[in-house]
Amino acid sequence: DVIHCNTPMGGVLGRICGTKVGVKTIIYTAHGFHFYKGAPLINRTLYKWAEMYLARKTDAIITINKEDYEAAKLMKLRDNGKVYYIPGVGIDVDKIRQIEVDRSKKRAEFGIKDNNFVITAVGRLEKNKNVENMIRAVAKTKNNIKLLLCGDGEQADYLKRLAKELNVEDRVIFAGFRDDVFEILKASDAYMLISYREGLSRSLMEAMATGLPCIASKIRGNVDL
C-alpha cells in the first residue's frame, strides 16, 4: 500500500519500482538534497533534474531543513501531492542533559589535561566532513588546543599523515568509533562541524544539548540549528 523511501539511491529505486507496480502511495524523506547552495554544477543540474523528475512519481516529500523545503515546493508531485517540513529526526534532550561525567577522568583517557581546550568532532572521516581543514586550523592555534575526532572512515590514514606533517599529531586525537560520545562531549569545551553538505545534523543537535558552543559551517541545516 505504501513505500516510504529514505537515502538518495533508495529514493530513486523505491520510487521507480513503486510506480512500475502501481503502489498507491509513495513517500520520500529527503535527508538533504544533493543540490544545494554552493554545490558543484553537476549537483545543481543532473541531481536537481533527477529529483524534479522523480517528484512526479511521489505523493509526499518530507524535508528536514528550510532550504530543501523551499526547493521541494517548486517541484510538481503526483496527483497534486504535498511537501512537508519536519525539522529533523529529533533527539532526547532531557536524557542527554541528565548524563553525568567525571570531566577530568574522561579527559585523562585520551591524555588530555584539565587546562587543555578540547574541540570535539563526531562523524565519518571523509571529504564531505571537511576534517582536513579542522586539522589545518588547529595547526594555526595555540598549543593548549586539542582536536578530538570520534569516528572512522576512508580518509583516516591520510588525516593521520597530515597531522604528522603539520606537527600536530600530539594535539589531534583519533579516537575511532565510540559508544561514550555524550560523556566525551560533556568533557569537551567546544564542538566543530564544518561539513560541505548536511541535511540536519543529529551530531550538532546532540552537542548543543550538552551545552557546548558550536563552530559550524554556514550551510543549510546548520544555519537552521
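Refer to the structure presented above.
Residues numbered from 1 in each chain as written. Predicted model: local features only at pLDDT ≥ 70, side-chain atom pairs only at ≥ 80, totals over all residues. Heavy atoms only, no water.

> Please give an account of empty space enclosed by the protein that cites residues and values.
With the rule as written, the count across this model stands at two cavities of 30 Å³ or more. Volume-wise, the largest cavity comes out at about 70 Å³. Taken together, Ala121, Val122, Gly123, Arg124, Leu125, Lys129, Val131, Met134, Leu149, Cys150, Leu193 and Ser195 form the lining of the largest cavity. Among the residues forming the lining of the largest cavity, the class breakdown is eight nonpolar, two polar and two charged. If you add up the space inside the second largest cavity, you get close to 40 Å³. Lining the second largest cavity, in full, are Lys106, Arg107, Phe110, Ile112, Val118, Leu148, Ile184, Ala187 and Ser188. (1 Å grid on protein atoms, 1.4 Å probe; cavity = no way out; pocket = protein on both sides within 12 Å on 5 of 7 lines; lining within 4 Å. Points joined across faces, edges and corners; volume = space filled by probe spheres on them. Nonpolar A, V, L, I, M, F, W, Y, C, P; charged D, E, K, R; others polar.)

> So what's going on with the sheet that holds strand E5 (residues 117–122)? Which residues, and what values?
A sheet is described by the order of its strands in space; here five strands give the open sequence E7-E6-E5-E8-E9, paired in parallel fashion. Looking at which strands have only one partner, the edges of the open sheet turn out to be strand E7 (172–176) and strand E9 (214–216). Going from strand to strand, the sheet's axes swing by 25° on average, the running direction of each strand aside. Pairing of E5 with strand E8 (residues 190–193), which is carried by two bridges, proceeds in the parallel orientation. Bridge pairing links Thr120 to Tyr191 in E8. Helix H6 (residues 131–138) contacts E5, strand E6 (145–150), E7 and E8 of the sheet and is inclined by roughly 165° relative to E6. (Pairing = 2+ DSSP bridges. Helix = DSSP H or I, 4+ residues; strand = E, 2+ residues; numbered from the N terminus. Axes fitted to C-alpha atoms, helices over the stretch in contact; angles between N-to-C directions. Contact = heavy atoms within 4.5 Å.)

Take it as geometry only, folks, not as evidence of what the structure does.
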